[in-house]
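Spelled out from the first residue to the last, the chains are:
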Amino acid sequence: MDKVISIKDLSFSYNGNVNILENLCCDIYKKDFIAIIGANGSGKSTLLKLILRELTFTKGKIEIDNIDIKNFKNWDKIGYVPQITEGSIPTFPITALEIVTLNLYKKMGLFKFSKKTHIEIAKHALSQVNMLDFANCPVNKLSGGQKQRVMIAKALINEPKILIFDEPTTGIDKESKETLFKILTHLNKIHSITIILVTHELEIMKKNITKIFEIKDKKMRQL
């Protein structure tokens, strides 16, 4: 099976101080559904930021599609859905369709108009997460679970090979969590998208997970 991410002897510290992560190693393959668990402050979100190159590791190596992360260019094929917080959703009246379409900004041409084809692509992304009926609803009027699904649609619009989530169930109810995991399972099994998520909700989704990695005492191990 194709290896999509390889992490080798990875260590990280802020400003050269004490390591937060030490000598992490793992391989992630196409169609893996990965859960990363660990106590608050253990370095889970830091690991995601290292994979996304938002932070620079102090030692080791990360490869994406067998390309050193320093030379990797195809970032559109990695969708990132951050944790939904009060400040992450616009307070001004932007609709679900508009916020999803924003992720096609690079493809809209010189004048950045939302052409009909781009609107259709955005609608398709919303339909994949069962949010097409809310396309014209202001995002700030949606529930927590609905907002999360809109953010997934925004990530899906560039047809990613990998979806990365940081605590996707924060602030949403049990029914919304179950709906979310059904969508993620569908994307993983039917569309062959590799899923990586930091979570505290292992029991709800355990049957769909292919690998569990725990970060503890700066190290990472597969359970």
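Above this text sits the structure in question.
Figured I'd write up the structure that's included with this text. (Residues numbered from 1 in each chain as written. Predicted model: local features only at pLDDT ≥ 70, side-chain atom pairs only at ≥ 80, totals over all residues. Heavy atoms only, no water.)

Most of helix H1 (residues 44–51) is tucked away, with six of its eight residues classed as buried. When H1 is considered as a whole, its buried residues turn out to be Lys-44, Thr-46, Leu-47, Leu-48, Leu-50 and Ile-51. Once H1 finishes, Arg-53 follows within two positions and takes phi at roughly 60 degrees, a positive value. (Buried < 20%, exposed > 50% of the residue type's maximum accessible area, 1.4 Å probe, protein only. Helix = DSSP H or I, 4+ residues; strand = E, 2+ residues; numbered from the N terminus.)

What follows is about the pattern of salt bridges. Under the definition given, this model contains seven salt bridges. Salt-bridge contacts for Lys-3 lead to Asp-27; the nearest nitrogen and oxygen are separated by 3.7 Å. Of this pair, Lys-3 sits in strand E1 (residues 3–12) while Asp-27 sits in strand E2 (residues 21–29), and the two are 24 residues apart along the sequence. You can call Lys-3 partly exposed: its relative accessible area is 29%. Residue class for Asp-27 comes out partly exposed when judged on its relative accessible area of 28%. (Salt bridge = Lys/Arg side-chain N within 4 Å of Asp/Glu carboxyl O.)

A word on the side chain of Ser-6. By secondary structure assignment, the location of Ser-6 is in strand E1. Look past the residues within four positions of Ser-6 in its chain and what remains in contact with it is Cys-26, Asp-27, Lys-61, Ile-62 and Glu-63. (Contact = heavy atoms within 4.5 Å.)

Formed by 41 residues in total, the largest nonpolar core has its most connected members in Val-100, Leu-126, Val-150 and Ile-152. Elements with a contribution of two residues or more to this core: strand E3 (33–37), helix H2 (96–101), helix H3 (116–128), helix H4 (144–156), strand E7 (162–166), helix H5 (174–189), strand E8 (194–198) and helix H6 (202–205). The element contributing the most residues to this core is H4, with six residues. Excluding anything up to four places from it in sequence, Ile-152 contacts Val-81, Val-129, Phe-165, Leu-180, Leu-184 and Leu-187. Within the second largest apolar cluster, 30 residues are counted, among which are Leu-10, Ile-36, Ile-51 and Ile-62. (Core = buried A, V, L, I, M, F, W, Y, C linked by side-chain atoms within 4.5 Å.)

Attention shifts here to unusual backbone geometry. Phi is positive for Asn-23, close to 55 degrees, though the residue is something other than glycine. Position of Asn-23 relative to the elements: it lies in strand E2. The exposure class assigned to Asn-23 is partly exposed, which follows from its relative accessible area of 34%. You will see that Glu-167, though not glycine, has its phi angle at about 50 degrees, which is positive. Looking at the element boundaries, Glu-167 is found in the loop between E7 and H5.

Turning next to the sheet that holds strand E4 (residues 59–64). With respect to topology, four strands assemble into an open sheet ordered E2-E1-E4-E5, the strand pairing being antiparallel. Because the sheet does not close on itself, it has two edges, and the strands there are E2 and strand E5 (67–68). Pairing between E4 and E5: two bridges, direction antiparallel. Paired with Glu-63 across the strands is Asp-68, a residue of E5. (Pairing = 2+ DSSP bridges.)

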